[in-house]
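Results of the structural survey
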Amino acid sequence: QQRKLGEQTASRLKELARQMQGGAADLEEFRQRVAQANATLQAAEARRAALEPQLKQLRNERDQLKTSVTNWAAAVAARDDRLKQAGADLARLGSERNEAVRKFNELAVRQNQLVAELERRAKEHTAVVQEMNKRTVEANRLATEMNQRAKAFNELVDKYNALAKQLEAKPGGRTVP
């Protein structure tokens with residue numbers, strides 16, 4: 001039964017190790033996604049920063065050239081649409097990054113739980129092995145004691161047999177059944 005418990009514990013440990021390897025692979029994938037999202041976000045922020053001076057220049061020109069507002073209105077509206085799209089892209093990328101971070105954190109929590117479970121089960125396994133070792137030591141002690149008693153008994157039997165032979169050898173000695 002103890003051997004079966006040991007085998008079950010070993011099987012559980014192997015399963016936890018396999019789950020941890022899968023968790024590590026997932027963790028690496030999430031790290032890559034976070035890095036990619038950060039790189040995309042930085043590029044988008046650089047694009048936005050590069051577009052800001054152009055927008056400011058267009059607004060200054062609009063203020064200075066009020067007579068040509070009609071001609072420039074379409075260009076400004078198109079530029080504004082692109083900026084709105086860039087803002088929407090930034091918001092979307094930020095949301096995606098936040099979602100990737102949330103998933104990463106969930107995975108980290110799960111991995112920490114698995115590590116804690118593995119440690120708990122390892123402690124249980126150690127306790128079982130220690131108990132088995134104690135019982136083995138006790139069984140060995142009892143076997144040694146039993147061997148010593150058997151040896152003493154055999155020595156007594158040998159003495160008894162020697163005495164019985166001496167009695168049989170004497171004239172008029174008793175016969176031992």
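Above this text you will find the structure in question.
Heads up: these notes are all about the structure in this document. (Residues numbered from 1 in each chain as written. Predicted model: local features only at pLDDT ≥ 70, side-chain atom pairs only at ≥ 80, totals over all residues. Heavy atoms only, no water.)

Section: the overall build of the protein chain
When helices and strands are counted, the protein chain shows two helices and zero strands. For 177 residues, the compact-globule estimate of 2.2 N^0.38 gives 16 Å, and the protein chain exceeds it by more than 25% at 44 Å. In terms of principal-axis extent, the alpha carbons of the protein chain reach across some 155 × 20 × 15 Å. Evaluated residue by residue, the protein chain yields a buried proportion of 14% over its 177 residues. (Helix = DSSP H or I, 4+ residues; strand = E, 2+ residues; numbered from the N terminus. Rg over C-alpha atoms; globule rule 2.2 N^0.38 Å. Buried < 20%, exposed > 50% of the residue type's maximum accessible area, 1.4 Å probe, protein only.)

Here we look at the pattern of salt bridges
Should the charged atoms of two oppositely charged side chains come close, the side chains can pair. A full pass over the atoms with the stated rule returns 14 salt bridges. As a salt-bridge pair, R18 and E15 come within 2.4 Å of each other at their nearest N and O atoms. With R18 and E15 both in helix α1 (residues 2-64) and three residues apart, this pair spans about one turn of that helix. (Salt bridge = Lys/Arg side-chain N within 4 Å of Asp/Glu carboxyl O.)

Brief notes about the environment of A108
Relative to the helices and strands, A108 resides in helix α2 (residues 69-169). Overall, the relative accessible area of 23% leaves A108 in the partly exposed class. Between the alpha carbons of A108 and A24 there is a distance of 9.4 Å; along the sequence they are 84 residues apart.

Regarding the environment of K103
If you trace the backbone, K103 turns up in helix α2. Residues K103 and L118, 15 residues apart in the sequence, show an inter-C-alpha distance of 22 Å.

Quick notes on the side chain of T9
Here T9 shows up in helix α1. For T9, a relative accessible area of 8% translates into the label buried. Apart from residues lying up to four places away in sequence, T9 is in contact with R121 and H125. (Contact = heavy atoms within 4.5 Å.)

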